Structures are given as structure tokens and as C-alpha cells.
Amino acid sequence: MTTYEDPASHGGPPTRAYAGVGEDLTATVERVRGSVEGVIEGKPEVVRLALTVLLAEGHLLIEDVPGVGKTMLAKALARSIDCSVRRIQFTPDLLPSDITGVSIWDQQRRDFEFKPGAIFAQIVIGDEINRASPKTQSALLESMEERQVTIDGQTYELPSPFMVVATQNPVEMEGTYPLPEAQRDRFMARVSVGYPSVEAELRMLDVHGGVSPLEDLQPVAHAHEIVKLIEAVRGVHVAEPVRRYAVELVAATRTHPDLRLGASPRATLHLLRAAKASAALAGREYALPDDVQALTVAVLAHRLLPTAQAQLNRRTAEQVVLEILQHTPVPTAQAPAPQNGFGGLGRSVPAYPQQPPRSL
């Protein structure tokens, strides 16, 4: 077992040597991925998206019917990393102060003392977030965007890394409130777990039949490692044609006739960050148009609002995004070599594939 040392104890960086951040990224991500996939059977693409959002400094919204493993996925990801974890069960009577904290009068000190809420953790699990009132849901807005909480005029910084993994049931189910547009826009990506295959469900019966695998799940990565990996992902090179491609995809949602609300500039930023994290997970120091394409539906669809006519025609936001992907030309220019590649490895950046628009 790897031994980790807190750098705060001696004022320096972690004692673990990073021979190469690129190699360390691959090794650390594989450990976390293997740990989570040992709990979530047959859903590797869902686990990969969760890791992509984590390294891209985003927040993840998991939406699906009850019983498919939404909360278990969030818990498995949180327990696989040695960091602080808090779980919030959203209910109609939950108050905003239960999330952010509250100032209480201390009679001995004759002053107000701040009691931190559940949001003061590195990974926050918001279970069934759409069962709370919109007022309570809005308590997350500042913390998710600015990574801070303001109470009674005093601002408190949140720890790093910081990620909110929220689950919600479909809006059509009893006792749910739809998330406000501002709240949905702060989630980098939305994913549906879906029902497992027959083989995966059989394996689940063998593994989960006696005891929950979460009980034996041990951390396989330190919070300091995740911070290092996040910093490395920031250095992934994105060529100007790829950036322009992401902007064109998002801009197309604002003029599409089937949408009454398109994606925001924040969505463009989230799409770019997610593409950089996806490239890093693939072992590349540069992002490709394929990275953008693969994440466009997950990053954009939950932010869009179809028109009334589109809803009557049973057109979903996902279908509109796929149509936009099909009709937006894929860039074919050559990406210039960055001066400092991902992880500082200094390798040149090859041309990304010259390909026609993907057929969807």
C-alpha cells in the first residue's frame, strides 16, 4: 500500500516523487477507475465521465430512475479518494443553512460563531437534489461556481479539490421539483446510469448479494494527487480550430428553431475543460475534435430547453444536440505544437485526424 504524507506537516510538497505527471496521471486514474468499476458493474463509460468531470474541476449530475446505482456511483467515487466527504439527503424540509452553515451566538465569548454546513467538504454528495425546494437548491449556486460560501457578510473558502456529485430522479416522479436553469447550468455534465445488462446484473448479485462492496472500499488516491492531476489537465493544449469548433457547437444551440433556451458561455468553458480532461485520460497532451464530440451531449443537453412545439413532436434536447453535431463541420487544420506539453513531457503535437463530420 502506498504511504502518503501531508505536505502541511513539514511545509513542503508531498514526499511522493512525480517522475512524470503524464505517467502518474495514467496510474492514478486507473487505480480510481478500477476501484469504482469494482462497485458499479458494467458501466465503464459512466465511470469515465465521472473521472473526466473530476479532473476538469466540474460538478456531476446523475439522473435516472431509482435503484440503478446513482448514489452508489457517487459514494464509490468519493471513497476511492482519500479526502473529506459529506452526504446531503435533500428533502422538502431541508433549509439552506443546513447546506451552507449558520452563525450562532456564543454567550461565553459574546460573539457569533460560524458552524460550517455540509458543503464544507472536498466531495459533496447531494442525494435526490430535486426533492428539495428551489430556495434550498439555490444555496449551492455560489459554492459550485465560486468555490466559496458567504454567510452574514463573511466569505469562507471551500477546500480543494471540490466537487458536487448530485443525483436526481426524473421530474415526472412524485415529490420532485425541477432544477432551476441557473442550477443546471452549474453542472458540467449530466449522465444516466441506465439498467445493467443481464451479465452485469448477474455479477452484481454475486458481488452485492452478501455484503455491500462499499464497506471494503479503501482510498486508492490522495487528495494531493488529484490536485496535481487537475493542474496537469489545465496544461493540455487545445488548438484554435478545436476551440472554434466548441464555440460553433454551443452557438448553434442558441439559434436552433427547436430550442427556446440555448447553452451559455459557461457551457462553452465546461465543454473545453471536459475535452482537455478527456484527452489527458487518453494519454494525450492535446485535445482532438473527437474529445469535444464525445462530450457534447453530456455537457450541453441538460442546459437546453426545447420549445413547446418540439415537446409536442417528442423532440428531446439530446436529439437536437446530435443533429447539431451532424451538421457542424469538423475542423481539419493541423494543431501547432505547444511549448509546454501536458505533464511537461515536451513531446510535439501531431496533426489531429482530417475527417468529415461524424455520421450520427
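Source: prediction; values computed, not measured.

Novice: Lay out the pattern of salt bridges with the relevant residues and their values.
Specialist: By the definition in use, this model includes 15 salt bridges. Glutamate 63 is paired through a salt bridge with arginine 190; the nearest N and O atoms lie 3.3 Å apart. With glutamate 63 in strand β1 (residues 60-63) and arginine 190 in strand β10 (residues 189-191), the pair connects residues that are 127 residues apart, well separated along the chain. On the basis of relative accessibility, which here comes to 17%, the residue glutamate 63 falls in the buried class. Connected via shared salt-bridge partners are Glu145, Asp185, Arg266 and Arg303.

Novice: Go over the side chain of arginine 33, please, and point to the residues and values.
Specialist: Positionally, arginine 33 belongs in helix α1 (residues 21-37). For arginine 33, a relative accessible area of 16% puts it in the buried group. Here the side chain of arginine 33 touches glutamate 30 through a polar contact of 3.1 Å, side chain to side chain. Here arginine 33 is in contact with Val47, Arg48 and Leu51, once residues within four sequence places are set aside.

Novice: Quick rundown of the sheet that holds strand β9 (residues 163-168)? Include the residues and the values.
Specialist: Pairing within the open sheet is parallel, and its five strands lie in the order β3-β6-β9-β1-β10. With partners counted over all chains shown, the strands left at the sheet margins are β3 (85-89) and β10, one partner each. Across the sheet, the axes of successive neighbouring strands diverge by a mean angle of 15°, strand direction being ignored. Two strands pair when backbone bridges link them, and β1 and β10 are joined in this way by three bridges, in the parallel orientation. Paired with leucine 61 across the bridge in β10 is arginine 190.

Novice: Account for the packing of aromatic side chains, naming residues and giving values.
Specialist: Within this structure, the stated rule accounts for four aromatic pairs. Grouped by ring-pair contacts, the aromatic residues Phe114, Phe120 and Tyr156 constitute a single cluster. Positioned over the ring face of tyrosine 286 is arginine 284, at 5.8 Å from the centre of the ring.

Novice: Could you give an account of a nonpolar patch on the surface, naming the residues involved and the relevant values?
Specialist: A cluster of nonpolar side chains, Val198, Leu202 and Leu205, forms an exposed patch at the surface whose accessible area comes to about 310 Å². Mapped onto the secondary structure, leucine 205 falls in helix α8 (residues 198-208). For leucine 205, a relative accessible area of 52% gives the class exposed.

What counts, and where the lines are drawn
- Residues numbered from 1 in each chain as written.
- Predicted model: local features only at pLDDT ≥ 70, side-chain atom pairs only at ≥ 80, totals over all residues.
- Heavy atoms only, no water.
- Salt bridge = Lys/Arg side-chain N within 4 Å of Asp/Glu carboxyl O.
- Helix = DSSP H or I, 4+ residues; strand = E, 2+ residues; numbered from the N terminus.
- Buried < 20%, exposed > 50% of the residue type's maximum accessible area, 1.4 Å probe, protein only.
- Polar contact = N/O pair within 3.5 Å; in protein donor to acceptor, adjacent residues only side chain to side chain.
- Contact = heavy atoms within 4.5 Å.
- Pairing = 2+ DSSP bridges.
- Axes fitted to C-alpha atoms, helices over the stretch in contact; angles between N-to-C directions.
- Phe/Tyr/Trp six-rings, centres within 6.5 Å; stacked < 30°, edge-to-face > 60°.
- Lys NZ or Arg CZ within 6 Å of the ring centre and 35° of its normal.
- Patch = residues over 30% accessible without salt bridge, like charges linked within 9 Å, V, L, I, M, F, W, Y side chains within 5 Å.
- Areas by Shrake-Rupley, 256 points an atom, 1.4 Å probe, with all protein chains shown as cover.

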